[in-house]
Amino acid sequence: AGTTSATSETSESSESSESSEKSEKSSQKETKTAAETKSKADAKSKALTNTKSAKNNKAIWNFTSAETSNTTGLLIEVVNNYTALYGPAGLDYPWLGSGVIVEPSRQHLFTARGVAVEDCESSIADTESDFYGYTCYVYWSLRDSEGDALENMEGGSSVPVTHKTKFEGAQQYTVSVDLHVVPPSGAGTLLSSKTATLYSRFVRREVRKYTDDDRDKLVSTMRLLYDLSDVKGQARYGSSYRSMEYFVKKHTELAGAVTCDHLHEGLGFLTNHMAFSLEFEQALQVVDPSLSLPYWDYTIDANDAMSAELNTGVDSVLAWRDSVVFTDQWFGTTSPSNELQTMTSGVWAYTPVMKAVNTDGTAAPVQNAYGYLRAPWNTNNAPYVARFNRTFEFETDVFPMCSDYIDVLNYDTWLEFGQNIANGAHGPVHGMLGGAWKANFSGWQAAEEAMGTDSAKNLVYLSVASYPQFWRDGIISCPDSCSEDTALEDCQCTCAGLTDDDTMTTNEDSSGSAATTSPSTTELLQRSGVFERIARHDVKGKLLERHQNELTGEVSFSWVGVEELEQESMNTWFFKMVCDVAQTGDMLGSSSPVDPIFWSVHPTVDRLWQWKRLSTDCMYNYSWPSGTSIYGTCSGHDEKDMLPYAGLNPSASNSLLDNKGLYDLLDPTTSDSPYVYDNFEWAHCLEEGSDVRNFCTES
């Protein structure tokens, strides 16, 4: 009995202890819950009432960041029809910071997002919330760079609003948004505020990203510049209108000058062509302010072509020429099948080549023998833009690859980069689209028999590019004028006094005595700048090697893989090929801007140049020595040479710039330029094994 009583007492004591513990835990839980409820209420009350703090708390804004990084809990999203598909433009530009790029004359949607909006919307839907039945509302304000109000917008939370303000190019704006919770009647309460900087810039995109409507607007406006003269265009669009004739004439006169090429073969290549591109872009915008130049990344086509050959066996060159870029909707075929070598369908059917006549009726200083705006050494008499897919006897088959991008990006100085960007990463496109032809061309077959197909093929490529140097040196002479009914074979450029002598030619006086000794072919090739040009373009040293005597400084050249005793013979074959001057497509001459695809090619190298300058982790030293032209002194290539392009600088619209001024204007690390590129991504190059974006880690 004693034992039973003790056990019972112990049990009762245990039950009492457990009951006490449960009661204590329950009390603690209730206290914790009450504290959490009070804490949430205090937090909400503080968020709703602290208006001044919300206005002053301008956290870093970046709508690509996680919402938790935004201390106001409010995000601003700004999109247009392109950024909605492809994401924000220009995120790699350091001056953008926490701002966003908007585009002139393009409609944008402004939307408020973030945890502040989510909390507001959940509160007004919660029947137990003090704000049940309220409305979440956003008020927007748009101001210019001076702080003057341009426009106010308003609407429901998470509802996109559109602006009426027309964004102007190269301007800065501020957009502010206030999020309120508004009762059915009476004043609302400010929950959160946000401010963002908007940079208005024209955005250049790859051609394949263009909408059909924007593509059609672009090509039709470009075609208008061909069809509407300066006089008629200025009467319709104002004094800033420029026709295509203006651009073709300027480029032809600068690149086809007798003394030297002011645009190519020197350090002024990039600055001049980027100025040309910007000037042309501005001409398009006179007609349609929403337009910007596209860039054609031809390595996408190269990658697709090589993949097609690997996977299906189709010839890579044919696949390259089958690009969407060469459809009637874009820039037309590269392989016209008619005797005029011109496009006969689509927007660019029978695109005219202008006659070389000034507005006052006088002849332009640079023209071919038939009076067209073409290089004097190109006696092509076709009245339309010409393209040819062959270089004499064979299909032109060299196009830039992603590895060519990396090669040029890995030059550590502006001097090396600026001189070499025109080579593998760019130059072959002109050959693929231009081509060369001549009836009864004899140089190819004779050279092939003497040295084999590969060597002869290389010499043919090089010979066509050497016409300008031979012409300027006086080795080639061309007729001043040929009537329209003169047959092409009767209007040809030739080399005077060409003989079969491998070393030199001798001219005799009237008595039969040797009066003068003419230079050998080797001396002529070196004197004219042909060897220097080839050596610069042959950066990998596969064709021609440059030698410099350490004691005398004398420069000489030799063909790679050719025996010393055969060097002079090789020079003679090459000399003869150059002298058998052919007709070329317009993309291979000083009149290249007359081909509409010209205008999407050069923004591609500009984009590479910008990425080189933006890649601050990679070496890049600026130095601009004088005399970088292969012709020696040649205006347009030195740092302080004034360039003939007005109105490029938005802050000084009528002033001219020298090379250094243009170099600085287009510096992508500053916000001075009126345009940007959509991105610096080359995902397709990774398939080739070339990481262009991280080029300085590539070997």
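Keep in mind it's a predicted model, so treat the numbers as computed, not measured. (Residues numbered from 1 in each chain as written. Predicted model: local features only at pLDDT ≥ 70, side-chain atom pairs only at ≥ 80, totals over all residues. Heavy atoms only, no water.)

So what's going on with the overall build of the protein chain? Residues and values would help.
A tally of helices and strands in the protein chain yields 22 helices and 20 strands. Among the 699 residues that make up the protein chain, the fraction classed as buried is 49%. Considering only contacts in the protein chain between residues 6 or more positions apart, those separated by 24 or more positions represent 70%. For the protein chain, the computed accessible surface area is about 31600 Å², with 48% contributed by carbon and sulfur atoms. (Helix = DSSP H or I, 4+ residues; strand = E, 2+ residues; numbered from the N terminus. Buried < 20%, exposed > 50% of the residue type's maximum accessible area, 1.4 Å probe, protein only. Contact = heavy atoms within 4.5 Å. Areas by Shrake-Rupley, 256 points an atom, 1.4 Å probe, with all protein chains shown as cover.)

Requested: an account of helix 13 (residues 427-434), with residues and values cited.
Counting buried residues in helix 13 gives seven out of eight residues, a clear majority hidden from the surface. For helix 13, the secondary structure elements touched by its buried residues are helix 9 (298-312), helix 10 (316-320), strand 12 (436-437) and helix 20 (598-614). Note on helix 13: the residue one or two positions beyond its end, glycine 435, has a positive phi of about 75 degrees.

Provide a residue-level description of the nonpolar core, including the pertinent values.
Membership of the largest hydrophobic core comes to 106 residues, with the highest contact counts inside it found for Met244, Leu270, Phe280, Trp296, Ile421, Trp599 and Val692. With residues up to four places along the chain from it excluded, the contact list for methionine 244 reads Leu225, Tyr226, Phe280, Met354, Pro593 and Trp599. Core analysis: the second largest hydrophobic core is formed by 37 residues, Phe392, Cys478, Cys493 and Ala582 among them. (Core = buried A, V, L, I, M, F, W, Y, C linked by side-chain atoms within 4.5 Å.)

Describe the state of the cysteines, with residues and values.
Counting across every chain of the model gives seven disulfides. Between the sulfur of cysteine 402 and that of cysteine 685 lies a disulfide, 2.0 Å long from S to S. With the S-S dihedral at roughly -75 degrees, the linkage between cysteine 402 and cysteine 685 falls on the left-handed side. In this pair, cysteine 402 is assigned in helix 11 (residues 402-409) and cysteine 685 in helix 22 (residues 683-688), connecting sequence segments 283 residues apart. Residue cysteine 402 is classed as buried on the basis of its relative accessible area of 0%. Classification of cysteine 685 as buried rests on a relative accessible area of 0%. (Disulfide = S-S within 2.5 Å.)

I'd like a description of the sheet that holds strand 1 (residues 75-79), backed by residues and values.
Pairing is antiparallel across the open sheet formed by three strands, whose spatial order is 1-3-6. This sheet does not close on itself; its edge strands, each paired only once, are strand 1 and strand 6 (161-162). (Pairing = 2+ DSSP bridges.)

Give a detailed account of the environment of cysteine 482, specifying residues and quantitative values.
When you line up the elements, cysteine 482 lands in the loop between strand 13 (476-477) and strand 14 (494-495). Each C-alpha atom, one on cysteine 482 and one on threonine 379, is 9.2 Å from the other, the two residues being 103 residues apart in sequence.

Can you tell me about the sheet that holds strand 8 (residues 189-200), naming the residues and giving the values?
Overall, mixed pairing links the five strands, which are arranged 2-8-7-4-5 in an open sheet. The open sheet has two edge strands, strand 2 (100-102) and strand 5 (149-156), and neither has a second partner. In this sheet, neighbouring strand axes are inclined to one another by 30 degrees on average, regardless of whether the strands run parallel or antiparallel. Both strand 7 (residues 171-182) and strand 8 contribute to a ladder of eleven bridges, which runs antiparallel. Note on strand 8: the bridge partner recorded for glutamine 171 is serine 200. Against the sheet, helix 4 (residues 115-125) contacts strand 4 (135-143), strand 7 and strand 8, and its axis sits at roughly 25 degrees relative to strand 7. (Axes fitted to C-alpha atoms, helices over the stretch in contact; angles between N-to-C directions.)

Can you lay out the environment of serine 337 for me, pointing to particular residues and giving the numbers?
Note on placement: serine 337 falls in the loop between helix 10 and strand 10 (390-391). Distance in space between the C-alpha atoms of serine 337 and asparagine 389 is 9.9 Å, their sequence separation being 52 residues.

Break down unusual backbone geometry for me, citing the residues and quoting the values.
With phi around 60 degrees, serine 105 is a residue other than glycine that occupies positive phi space. With respect to the helices and strands, the residue serine 105 is situated in the loop between strand 2 and strand 3 (109-113). By relative accessible area, which is 30% here, serine 105 ends up partly exposed. For glutamate 265, which is not glycine, the phi dihedral falls at a positive 60 degrees. Structurally, glutamate 265 can be placed in the loop between helix 7 (244-255) and helix 8 (269-287). Overall, the relative accessible area of 18% leaves glutamate 265 in the buried class.

Describe the packing of aromatic side chains, and please don't skip the residues or the numbers.
According to the stated counting rule, one finds 43 aromatic pairs in the structure shown. With a centroid separation of 5.8 Å and 75 degrees between ring planes, the pair formed by tyrosine 210 and tryptophan 330 is classed as edge-to-face. Linking tyrosine 210 in the loop between strand 9 (202-204) and helix 5 (212-227) with tryptophan 330 in the loop between helix 10 and strand 10, this pair joins segments that are 120 residues apart in sequence. With respect to class, tyrosine 210 is no different from tryptophan 330; both count as buried. Judged by centre distance (5.7 Å) and plane angle (5 degrees), the ring pair of tryptophan 320 and phenylalanine 399 falls under stacked. (Phe/Tyr/Trp six-rings, centres within 6.5 Å; stacked < 30°, edge-to-face > 60°.)

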